[in-house]
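Topology and contacts: notes
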Amino acid sequence: IDFADEMLSMIRSVVVYAANYNLTLMHKPGDEATYRCFNKFFMELESVGGKNYHLYDSFDKGLTEKLLSTTKIVIWDQIGTGTLECFNAKIPAVIFWPRIYSKENIFSKSRIQKLESVGVVHRDVESLFREIIKFNKDPSKWMGNAMRISAISEFCYKYARIDKDWVKQWRAFLIKLKDDAF
């Protein structure tokens, strides 16, 4: 709530850009409490975005088939578990992250800079929409870009590794920690 004005301004800018580029935007608020708290703001967005803006009609958590069926590419406001789910599931996703209420730590900075360099992470709305337009021209080419795949893979390897044998890997890691401690 400390950054509400900045966040609302950021969201408004995305809706305005989508309307200006005649792109349809399905918007899912984080939760029902946010929707209730800023109900007038969401009504304003419907006016600003016109036919291009749609408010998602469910407040369920996470990604669902229903939600994903409404969009070609997902826009996130920071890197979180939903973003990582998209990365690992090969769901097209970009992040509009002007660092309003969170920022990367020193350990992840270089990997996030790589994501920025390949058009996945954006600090400004103009850059975000230039990339979305590139995606819309040829989604397969955008998703198949080798440098983008590499940056996402490297990020996931470090922060969102998936493996069918994760139980074995986790157990081995914990045993090594225990052995190293004694």
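Anyway, here's the lowdown on the structure attached to this text. (Residues numbered from 1 in each chain as written. Predicted model: local features only at pLDDT ≥ 70, side-chain atom pairs only at ≥ 80, totals over all residues. Heavy atoms only, no water.)

1. Remarks on unusual backbone geometry
Phi at K90 takes a positive value of approximately 60°, unusual for a residue other than glycine. Along the chain, K90 falls in the loop between α5 (81–89) and β4 (93–96). The class for K90 is exposed, based on a relative accessible area of 63%. One non-glycine residue, R99, lies in positive phi territory at about 60°. Inspection of the secondary structure puts R99 in the loop between β4 and α6 (109–117). (Helix = DSSP H or I, 4+ residues; strand = E, 2+ residues; numbered from the N terminus. Buried < 20%, exposed > 50% of the residue type's maximum accessible area, 1.4 Å probe, protein only.)

2. Focus on the pattern of salt bridges
Enumeration over the complete set of coordinates arrives at 13 salt bridges. Here K66 and D57 are joined by a salt bridge, their closest N and O atoms 3.0 Å apart. Judged by relative accessible area, K66 falls into the partly exposed class, the value being 44%. Of the residues examined, D57 reaches a relative accessible area of 60% and is grouped as exposed. In this structure, the salt-bridge partner of D180 is K176, at a minimum N-O distance of 2.8 Å. Highlighted residues: D180 and K176, both in helix α10 (residues 166–181), separated by four residues, approximately one helical turn. Three or more residues are tied together by salt bridges with common partners; here these are R99, E104, E116 and R123. (Salt bridge = Lys/Arg side-chain N within 4 Å of Asp/Glu carboxyl O.)

3. Topic: helix α3 (residues 39–49)
Taken together, the buried positions of α3 are F41, F42, L45 and G49. The buried residues of α3 occupy an angular sector of 100° when the element is viewed end-on, so they sit on one face. Of the exposed residues in α3, those oriented more than 90 degrees away from the buried face are K40 and S47. Elements in contact with the buried residues of α3: α1 (4–20), β1 (25–27), α2 (32–37) and β2 (53–55). Among the residues trailing α3, G50 stands out with phi positive, at a value near 55°. (Arc of directions from axis to C-beta. Contact = heavy atoms within 4.5 Å.)

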